[in-house]
Amino acid sequence: MPEGHTLHRLARLHQRKFARQTVTVTSPQGRFAAAAARLDGQVFSRAEAWGKHLVHRYAGGELVHIHLGLYGSFSDGPSPLPPPVGQVRMRMETDEYGTDLRGPTACELFTPADLAALTSRLGPDPLRKDADPEQAWSAIAKSRKPIGALLMDQKVLAGVGNVYRAEVLFRASINPFRAGNDVSRDEWDAVWADLVTLMTVGVRRGKIHVIRPEDDHGAPSYGPGRPRTYVYRRTGEPCRICGTPILMTDMAARKVYWCPVCQAD
């Protein structure tokens, strides 16, 4: 599932390409047809992201909520776009640019009340200027759940996925199984600041980058086109810092990775 930086990057792209322009909206697949008919010919106002959620705003007041889930993706190019291929849930076009949305978990019209209900359930997003890290700290400081699980809980912290979870905890020398209320305030402040920095880099570069320059050596990325990481998907590989084999197990139905020496407690 795309992590939060991907959604913020999409929001910036759609803002740049569609804002203040009249858009043609269709649903070649048909599952979004009624909503697309309401939006077709309207002026696109703004795009923004909250965690892993993307919202399109229209000048007429309509809102579109998109959650890519595991399989959703956008593809784009100059207009006119070629005939749709596959199950295109929503197609948006201007005279110069267009994009197709395929396979999202959600693509739906929202009311302001719907959006307010969604955002009220989300923790602070490190990529939003209005984010309040105190909100996340309040939940973490009173929880006995592992910090690794709390960082992935979108009600605690919005936009963080498995890669950022694994890497930011390694960079902070925090074991993912340590209870939330055993994490100090200074440690949390450092984790939050690191997330803001790393995820901002992700938005700017279009890919995750977590390796400090002095540690950028040793084994290559875990796969073609994938980020170089300290621990994520490096099970059994030597730690880039101490050489100890990286461990992996399950936590809340997701794989968690850590170094047993660098993250001893």
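Computed from a predicted structure; not experimentally measured.

Asks: Please give an account of the overall build of the protein chain that cites residues and values.
Replies: Within the protein chain, the regular secondary structure consists of 7 helices and 11 strands. For 265 residues, the compact-globule formula gives about 18 Å, and the C-alpha radius of gyration of the protein chain, at 20 Å, lands near that figure. Each principal axis of the C-alpha distribution contributes one length, and for the protein chain these read about 60 × 40 × 30 Å. Per-residue burial over the protein chain gives 51% buried out of 265 residues. Counting only contacts in the protein chain whose residues sit at least 6 apart along the sequence, the fraction spanning at least 24 positions is 59%.

Asks: Break down the packing of helix H4 (residues 133-141) against helix H7 (residues 185-205) for me, citing the residues and quoting the values.
Replies: Running from N to C, H4 and H7 point in directions that differ by 135°, and their axes come no closer than 11 Å. Judged by the inter-axis angle, H4 sits oblique to H7. Of the two elements, H4 crosses H7, and the hand of that crossing is right-handed. From H4, Pro 133, Glu 134, Ala 136, Trp 137 and Ile 140 reach across to H7, where they touch Arg 185, Trp 188 and Trp 192.

Asks: Can you explain the UniProt feature "domain: FPG-type" (unreviewed entry) in the protein chain? Please cite residues and give values.
Replies: Taken from the UniProt record, the annotation "domain: FPG-type" (unreviewed entry) applies to residues 230-264. A helix fraction of 0% and a strand fraction of 29% characterise residues 230-264, whose end C-alpha atoms lie 15 Å from each other.

Asks: Can you tell me about the packing of aromatic side chains, naming the residues and giving the values?
Replies: A complete count under the given rule lists 8 aromatic pairs for this structure. Seen from their ring centres, Phe 170 and Tyr 230 are 4.7 Å apart, and the 25° between their planes marks the pair as stacked. Of this pair, Phe 170 sits in helix H6 (residues 162-171) while Tyr 230 sits in the loop between H7 and strand E10 (247-251); the two residues are 60 residues apart in sequence, bridging distant segments of the chain. An aromatic cluster of at least three residues, connected via ring pairs, comprises Phe 18, Phe 44, Tyr 58 and Tyr 97.

Asks: Got a sec to walk through a positive patch on the surface? Specific residues and values, please.
Replies: Residues Arg 9, Arg 12, Arg 16, Lys 17 and Lys 129 make up a contiguous surface patch of positive charge. Tracing the sequence through the fold places Arg 16 in helix H1 (residues 4-18). Overall, the relative accessible area of 57% leaves Arg 16 in the exposed class.

Asks: Could you give an account of the packing of H1 against H7, naming the residues involved and the relevant values?
Replies: As a packed pair, H1 and H7 sit with axes 8 Å apart at the nearest point and diverge in direction by 45°. With respect to their mutual orientation, H1 and H7 come out oblique. Classified by chirality, the crossing of H7 by H1 is right-handed. Of the residues in H7, those touching H1 at Gly 4, His 5, His 8, Arg 9 and Arg 12 are Met 199, Gly 202, Val 203, Arg 204 and Arg 205.

Asks: Run through the sheet that holds strand E4 (residues 53-58), naming residues and quoting values.
Replies: Strands sit in the order E1-E3-E4-E5-E9 across an open sheet of 5 strands; the sheet is antiparallel. Only two strands of the sheet have a single neighbouring strand rather than two, namely strand E1 (21-22) and strand E9 (106-110). Here E4 pairs with strand E5 (residues 63-67) via 5 bridges, running antiparallel. Residue pairing across strands places Leu 54 opposite Ile 66, the latter belonging to E5.

Asks: Please provide a residue-by-residue account of the nonpolar core, values included.
Replies: Counting 36 residues, the largest nonpolar core has Ile 147, Leu 157, Tyr 164, Trp 188 and Leu 195 as its most contacted members. Listed by contribution, the elements that provide at least two residues to this core are H4, helix H5 (147-152), H6 and H7. In terms of residue count, the dominant contributor to this core is H7 (7 residues). The residues contacting Tyr 164, other than those within four sequence positions of it, are Glu 3, His 5, Leu 195, Leu 198, Met 199, Gly 202, Ile 208 and Val 210. Grouped together as the second largest cluster of nonpolar side chains are 25 residues, Leu 10, Ala 11, Tyr 58 and Ile 66 included.

The rules behind the values
Residues numbered from 1 in each chain as written. Predicted model: local features only at pLDDT ≥ 70, side-chain atom pairs only at ≥ 80, totals over all residues. Heavy atoms only, no water. Helix = DSSP H or I, 4+ residues; strand = E, 2+ residues; numbered from the N terminus. Rg over C-alpha atoms; globule rule 2.2 N^0.38 Å. Buried < 20%, exposed > 50% of the residue type's maximum accessible area, 1.4 Å probe, protein only. Contact = heavy atoms within 4.5 Å. Axes fitted to C-alpha atoms, helices over the stretch in contact; angles between N-to-C directions. Parallel < 35°, antiparallel > 145°, perpendicular 65-115°, else oblique. Left-handed = near helix turned anticlockwise from the far one by under 90°. UniProt positions renumbered as here; feature names shortened; annotations may be inferred. Phe/Tyr/Trp six-rings, centres within 6.5 Å; stacked < 30°, edge-to-face > 60°. Patch = residues over 30% accessible without salt bridge, like charges linked within 9 Å, V, L, I, M, F, W, Y side chains within 5 Å. Areas by Shrake-Rupley, 256 points an atom, 1.4 Å probe, with all protein chains shown as cover. Salt bridge = Lys/Arg side-chain N within 4 Å of Asp/Glu carboxyl O. Lys, Arg positive; Asp, Glu negative; His and termini not counted. Charge placed at Lys NZ, Arg CZ, Asp CG, Glu CD. Pairing = 2+ DSSP bridges. Core = buried A, V, L, I, M, F, W, Y, C linked by side-chain atoms within 4.5 Å.

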